[in-house]
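# Structural features, examined
One-letter residues, chain by chain:
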Amino acid sequence: NITFTYIDGEVILPITQAGTYPMGDGGNTNIYVSGDGTDGIDISFITNVAWTATTSDTWISVSPTYGEEGISTISIECEPNPNLESRIGYVYINDANTGINLITYTITQGGLVEKLTIIPSSIIFNSDGGTATITIKSNTNWTIENGTN
């Protein structure tokens, strides 16, 4: 309150100050991880309130899932991506009391690298010709063409 005094008395003017708006700073919020999964990417951020951490997808996990105001570090882990295409998910840092989003991390996970393995890697026939069996292991589509060499 502020009190003003004048000749015939005084006037009291009440002053209300709003509290601090919850906020956070997460630095670089775009994170890229390889398709084969990650093993604990640590990320530090700062908030002025207690916070909770959640994820948008089950292939992303975060630990710890809550903390106090100040500087905090979380560990983000991703399961291997079973697809050739990359995928995107999110980690949310929210105000623990109000649920207001403070920071959103965008997690982009690369897809699998196309792979084709042929066993054995070479076959030699004698002049009489012959047959052979090969094993093909692949995570992508493939075809066999008859060569004339």
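Data block above holds the structure.
Residues numbered from 1 in each chain as written. Predicted model: local features only at pLDDT ≥ 70, side-chain atom pairs only at ≥ 80, totals over all residues. Heavy atoms only, no water.

## Things to note about the environment of Gly89
As for its placement among the helices and strands, Gly89 is situated in strand 10 (residues 87–95). Its relative accessible area of 0% is what places Gly89 among the buried residues. Contact partners of Gly89, with chain neighbours within four places excluded, come to Ser56, Asp57, Trp59, Ile60, Tyr105, Thr106 and Ile107. (Helix = DSSP H or I, 4+ residues; strand = E, 2+ residues; numbered from the N terminus. Buried < 20%, exposed > 50% of the residue type's maximum accessible area, 1.4 Å probe, protein only. Contact = heavy atoms within 4.5 Å.)

## Here's the deal with the sheet that holds strand 7 (residues 60–63)
Taken in spatial order, the four strands line up as 3-5-9-7 in an open sheet, and their pairing is antiparallel. Two strands close off the open sheet at either side, each with one partner strand: strand 3 (24–25) and strand 7. (Pairing = 2+ DSSP bridges.)

## Considerations on unusual backbone geometry
Cis geometry is adopted by the peptide bond preceding Pro64, which originates at Ser63 and carries an omega value of -5 degrees. Counting through the fold element by element, Pro64 comes out in the loop between strand 7 and strand 8 (66–67). Backbone torsion omega between Ile119 and Pro120 reads -5 degrees, so that peptide bond is classified as cis. Tracing the chain through its elements places Pro120 in the loop between strand 12 (116–119) and strand 13 (135–138).

## Points about the side chain of Arg87
Among the secondary structure elements, Arg87 is positioned in strand 10. In this structure the side chain of Arg87 is engaged in a polar contact, spanning 3.3 Å, whose partner is the backbone oxygen of Pro80. For Arg87, the side chain forms a polar contact with the side chain of Gln109, separated by 2.8 Å. In this view, Arg87 contacts Trp59, Glu79, Pro80, Asn81, Pro82, Ile107, Thr108 and Gln109; residues no more than four positions away in its chain are not counted. (Polar contact = N/O pair within 3.5 Å; in protein donor to acceptor, adjacent residues only side chain to side chain.)

## A word on the packing of aromatic side chains
Following the criterion strictly, the structure yields two aromatic pairs and no others. With a centroid separation of 5.0 Å and 75 degrees between ring planes, the pair formed by Phe45 and Trp51 is classed as edge-to-face. Pair check on accessibility: Phe45 and Trp51 agree, each one buried. Between Tyr90 and Tyr92 the ring centres are 6.2 Å apart and the planes differ by 20 degrees, which places this aromatic pair in the stacked class. Residue Tyr90 is classed as partly exposed on the basis of its relative accessible area of 31%. Above the plane of the ring of Trp59 lies Arg87, whose end atom (NZ or CZ) is 4.1 Å from the centre. (Phe/Tyr/Trp six-rings, centres within 6.5 Å; stacked < 30°, edge-to-face > 60°. Lys NZ or Arg CZ within 6 Å of the ring centre and 35° of its normal.)

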